[in-house]
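The primary structure of each chain is shown beneath.
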Amino acid sequence: MSVKEARSSRPGGWLAGVLPTLRLRLAVVFALVALTAAVSASGIAYWINRDAVLTRAQNAALNDFRQAMEDHAGRLPAGYDCGQLRDAAARMADTTQNYQVVLIGGTRAGERCTALAGAGDFTLADVPEALRRAVGERREVDSANPYPYHLYWQRIIRDDDPYLVGGAKLMGDGPTPSGYLLKSLVPERDDLNSLAWSLGIATALALLGAMLLAQAAASTVLRPVRRLGDAARRLGEGKLDTRLRVSGTDELAQLSRTFNETAESLEHRVAELSAREAASRRFVADMSHELRTPLTAISAVTEVLEEEQENLDPMIAPAVQLVVSETRRLGDLVENLMEVTRFDAGTAKLVLDDVDVADQVTACIDARAWLDAVELDADRGLMARLDPRRLDVILANLIGNALKHGGSPVRVSVRTGRSASGADELLVEVADHGPGIPEDVLPHVFDRFYKASASRPRSEGSGLGLSIAMENAMIHGGTITARNGTEPGIGAVFTLRLPRDASELTEESERTEDAGRKARGAGGRSGAGPAGGGPGPGDRPGDGGDGDGSAGTENRDGAPREGGTAPDRPDAGPSQGAGHAGPDGPGPDAGPDPQGGEDGPGRDEREDGEGEGGR
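Residues numbered from 1 in each chain as written. Predicted model: local features only at pLDDT ≥ 70, side-chain atom pairs only at ≥ 80, totals over all residues. Heavy atoms only, no water.

> Explanation requested: the overall build of the protein chain in the structure shown.
The secondary structure content of the protein chain amounts to 12 helices and 12 strands. When each of the 615 residues of the protein chain is scored for burial, the buried share is 41%. As displayed, the protein chain has an accessible area near 32700 Å², and 54% of this comes from carbon and sulfur atoms. (Helix = DSSP H or I, 4+ residues; strand = E, 2+ residues; numbered from the N terminus. Buried < 20%, exposed > 50% of the residue type's maximum accessible area, 1.4 Å probe, protein only. Areas by Shrake-Rupley, 256 points an atom, 1.4 Å probe, with all protein chains shown as cover.)

In structure tokens:
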């Protein structure tokens, strides 16, 4: 069952779909209740008044007819003739009740007479047959029925108008006349119609009053609900100091108190977690900085040992080579940790320049001696305004990772396209010929220190390379995606998407930073370091290199040195692996630094103490 079907199957789900707002629901409920009450009251009042009006009118007419029958038809002589019967009918019709009369009787001579009286064309044919039979039927006289004949009446519709028809038979010895009346009920119908209109107007006014009452009630109920929604929205935006003003003791006031307690608890918890996270970042930054000094000395010693490796005892040479490779790996790890610390602290900045993307890719491949293992498909003259150092880091990580874990040749293609917003973007696709990436690993390839195997097998990389590449792409306003190729022989395919002009992103970042400085007051500074211009993460007096994986740094002998994703030696060729064991990050190996303040070509050019390296 879908979410929509499940929602509609719940009680009231259809109501929420038809009436999406609470105000509308309250108004409709109030209106329905008022309409039901008004219609019920009006209906009851109408039927009570209708019965009273009709009963009063018919009782008055029937009583008058009974009395007229006794006074006029009952006084006819025993041997009356048709003329006398017509005179009696005329006197009966001459009454304030305005009904028509028909008298039927038989003379002594056996003649049957019908006398008509009144303003109208009432005849015996207008009397229903059932009423005539009831009037002429003689009943047994007993204790429950003291009279043999009774007065009967019936309401009929004649020419679309209501009428009352009544009839009775005189009691006496011998043949007695029977009489019928026809009284119009049109005045009573008109009165009832007027009453119905009045009740309808009263119902409409009651409905209007209910709507106004519903509006007032909805405003009273929804005002605190709206304030609660606004406060929850601000809380979701990160404004953890949001609180509600509480007044009263009702359920909404209790809800506001609960919200305030929850927000306060959340604020304390987030502050605690932020403090722990800041302490963790500071610890990593401090540890990385503290390791750089001994690593510099160790690197100098290992390079001397490497240069003298041919003169060493063959039994010692493997150990020396292991020390050299592990020292380089440790240096890469420290530099990558420092770069990650800068990203976490928000101090990483872009240094934009106009870049020929094809030339940049070629320089990245050439600096690491990958020309024989990489196929480049890129048009010359394709310009983009990006940070060339960070673009080099991204390319080195993606291409090096493909060479290490995939299979050569690695194909790098560069093209342009349009983003979802319609802006120009740069697409760089890196595809290898390896076995691809397991589907369960694909969502985690950009996670820090992620290894495909739970046993975390040892690898040459630090496990941070792809994570750093993603961070460098995101700081440009771009992203990197990973998938497995669909073409035969194609393994993993990484696609880098960057805007062709990152200037707008840089300007927006500067505006945000300026606003943050103003909000913190004079003397405040951006970055994760302490206030007052002190060193932040990635800064330490006397440290020169930024250690962010920029490629192409040189050894003392001037030969290019590869990062963590590259082979140990340019002539060693790419190593083949069974699959992508995890992300690896390239980083420069700092040469010996006797002065303790510079790392060669990757020297920092800091501004405001924010640990950002120069290009």
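> Help me understand the packing of helix 6 (residues 186-236) against helix 7 (residues 251-307), please; the structure alone is not making it clear to me.
The description of two packed helices rests on the angle between their axes and on the distance between the axes. Following both chains from N to C, one finds helix 6 and helix 7 inclined at 10 degrees, their axes separated by 11 Å at the closest point. Taken together, the axes of helix 6 and helix 7 are roughly parallel relative to one another. Contacts between helix 6 and helix 7 involve Val221, Pro224, Val225, Leu228, Ala231, Ala232 and Leu235 from the former and Leu252, Leu255, Phe259, Ala263 and Leu266 from the latter. Considered class by class, the residues forming the contact of helix 6 with helix 7 number 12 nonpolar, no polar and no charged. (Axes fitted to C-alpha atoms, helices over the stretch in contact; angles between N-to-C directions. Parallel < 35°, antiparallel > 145°, perpendicular 65-115°, else oblique. Contact = heavy atoms within 4.5 Å. Nonpolar A, V, L, I, M, F, W, Y, C, P; charged D, E, K, R; others polar.)

> So what exactly am I meant to see when it comes to the pattern of salt bridges here?
Pairing between side chains of opposite charge can happen when the charged atoms of each approach one another. Taken as a whole and judged by the stated rule, the model has 18 salt bridges. Across the salt bridge formed by Arg189 and Asp190, the nearest N and O atoms sit 3.8 Å from each other. On the accessibility criterion, Arg189 (29% relative accessible area) is partly exposed. Residue Arg390 is joined to Asp387 by a salt bridge in which the shortest nitrogen-to-oxygen separation is 3.6 Å. One salt-bridge network, in which partners are shared between bridges, spans Asp121, Asp126 and Arg158. (Salt bridge = Lys/Arg side-chain N within 4 Å of Asp/Glu carboxyl O.)

> Explain the state of the cysteines here, please?
Under the criterion given, the structure shown has one disulfide. The disulfide partner of Cys82 is Cys113, and the gap between their sulfur atoms is 1.4 Å. Here the residue Cys82 occupies a position in helix 4 (residues 82-93), and Cys113 occupies one in strand 2 (residues 112-117), the gap between them amounting to 31 residues. In this structure, Cys82 and Cys113 share a single accessibility class: buried. (Disulfide = S-S within 2.5 Å.)

> Before we go on, may I ask you to explain a nonpolar patch on the surface in this structure?
Taken together, Ile201, Leu205, Leu208 and Leu212 make up a surface patch of nonpolar side chains, about 430 Å² in accessible area. The topology assignment puts Leu212 in helix 6. Classification of Leu212 by relative accessible area gives exposed; the value is 58%. (Patch = residues over 30% accessible without salt bridge, like charges linked within 9 Å, V, L, I, M, F, W, Y side chains within 5 Å.)

> For this particular structure, what's the right way to read the nonpolar core?
Here is a general trend for soluble globular proteins: nonpolar side chains tend to be buried in one another's company. Ranked by size, the top nonpolar core spans 41 residues in total, and within it Ile399, Ile480, Phe494 and Leu496 carry the most contacts. At the level of secondary structure, the elements contributing two or more residues to this core comprise helix 9 (357-367), strand 8 (383-386), helix 10 (388-405), strand 9 (410-418), strand 10 (424-431), helix 11 (465-475) and strand 12 (492-499). Top element by residues in this core is helix 10. It accounts for eight residues. Formed by 30 residues, the second largest nonpolar core is a distinct cluster that contains Met69, Tyr80, Leu103 and Cys113. (Core = buried A, V, L, I, M, F, W, Y, C linked by side-chain atoms within 4.5 Å.)

> Explanation requested: helix 6 in the structure shown.
Because an α-helix packs 3.6 residues into every turn, residues spaced three or four apart end up facing the same way. Between its first and last C-alpha atoms helix 6 spans 71 Å; for 51 residues at 1.5 Å apiece the expected length is 75 Å, and the two agree. The largest bend in helix 6 amounts to roughly 35 degrees and is located at Leu222, with the proline Pro224 lying one to four residues further along. Of the residues flanking the end of helix 6, it is Gly238, one or two places downstream, whose phi is positive at about 105 degrees. (Expected span 1.5 Å × (residues − 1). Bend = angle between axes of the 7 residues up to and from the residue.)

> Help me understand the packing of aromatic side chains in this model?
The description of an aromatic ring pair uses the distance of the two centres, along with the angle that the planes make with each other. Applying the stated rule across the entire model yields three aromatic pairs. Here the aromatic rings of Tyr46 and Trp47 are separated by 5.8 Å at their centres, their planes lie at 80 degrees, and the arrangement is edge-to-face. Since its relative accessible area comes to 54%, Trp47 is described here as exposed. Between the aromatic rings of Phe446 and Phe494, the centroid separation amounts to 6.1 Å while the plane-to-plane angle is 85 degrees, which identifies the pairing as edge-to-face. In this pair, Phe446 is assigned in the loop between strand 10 and helix 11 and Phe494 in strand 12, connecting sequence segments 48 residues apart. The same class applies to Phe446 and to Phe494, which are both buried. Looking at Arg158, its charged tip hangs above the ring of Tyr163, at a distance of 5.9 Å from the centre. (Phe/Tyr/Trp six-rings, centres within 6.5 Å; stacked < 30°, edge-to-face > 60°. Lys NZ or Arg CZ within 6 Å of the ring centre and 35° of its normal.)

> Explain the confidence of the model for the protein chain to me, please; I cannot follow it from the model alone.
Low-pLDDT stretches of the model should not have their predicted coordinates read in fine detail. Per-residue confidence for the protein chain gives a mean pLDDT of 75; residues scoring 70 or more make up 76%. pLDDT under 50 marks residues 522-615. Its contacts with residues more than four places away, or in other chains, come to 259 contacts. (pLDDT = per-residue confidence, 0-100.)

> Please explain the sheet that holds strand 5 (residues 178-184) as it appears in this structure.
Hydrogen bonds between backbone atoms are what pair the strands of a sheet, whose relative direction is either parallel or antiparallel. Spatial ordering of the open sheet is given by 2-1-5-4-3, a layout of five strands whose pairing is antiparallel. One side of each edge strand has no neighbouring strand; the edge strands of this open sheet are strand 2 and strand 3 (152-158). The average undirected angle you get between the axes of adjacent strands in this sheet is 20 degrees. Sheet topology note: the strand 1 (residues 99-106)/strand 5 ladder contains six bridges and is antiparallel. What sits directly across from Gln100, in strand 5, is Leu182. Along the sheet, helix 6 contacts strand 4 (161-169) and strand 5; its crossing angle with strand 4, the most-contacted strand, is approximately 135 degrees. (Pairing = 2+ DSSP bridges.)

> Please explain the pairing of strand 10 as it appears in this structure.
Within strand 10, seven of the eight residues are buried, leaving the element largely enclosed by the surrounding structure. Relative to strand 10, strand 9 is paired through eight bridges, and the arrangement is antiparallel. Residue pairing across strands places Arg418 opposite Asp424, the latter belonging to strand 10. What sits between strand 9 and strand 10 in their antiparallel hairpin is a turn of five residues, with Gly422 showing a positive phi close to 95 degrees.

> What is the right way to read the sheet that holds strand 10 from this model?
With respect to topology, five strands assemble into an open sheet ordered 7-9-10-12-11, the strand pairing being mixed. Sheet topology places strand 7 (374-377) and strand 11 (479-484) at the edges, where each strand pairs with a single neighbour. The sheet shows a mean angle of 20 degrees between the axes of neighbouring strands, direction not considered. Across the sheet, helix 9 lies against strand 7, strand 9 and strand 10, angled at about 175 degrees from strand 7, the strand it touches most. The strands touched by helix 10 within the sheet are strand 7, strand 9, strand 10, strand 11 and strand 12, with strand 12 carrying the most contacts at an inclination of about 170 degrees.

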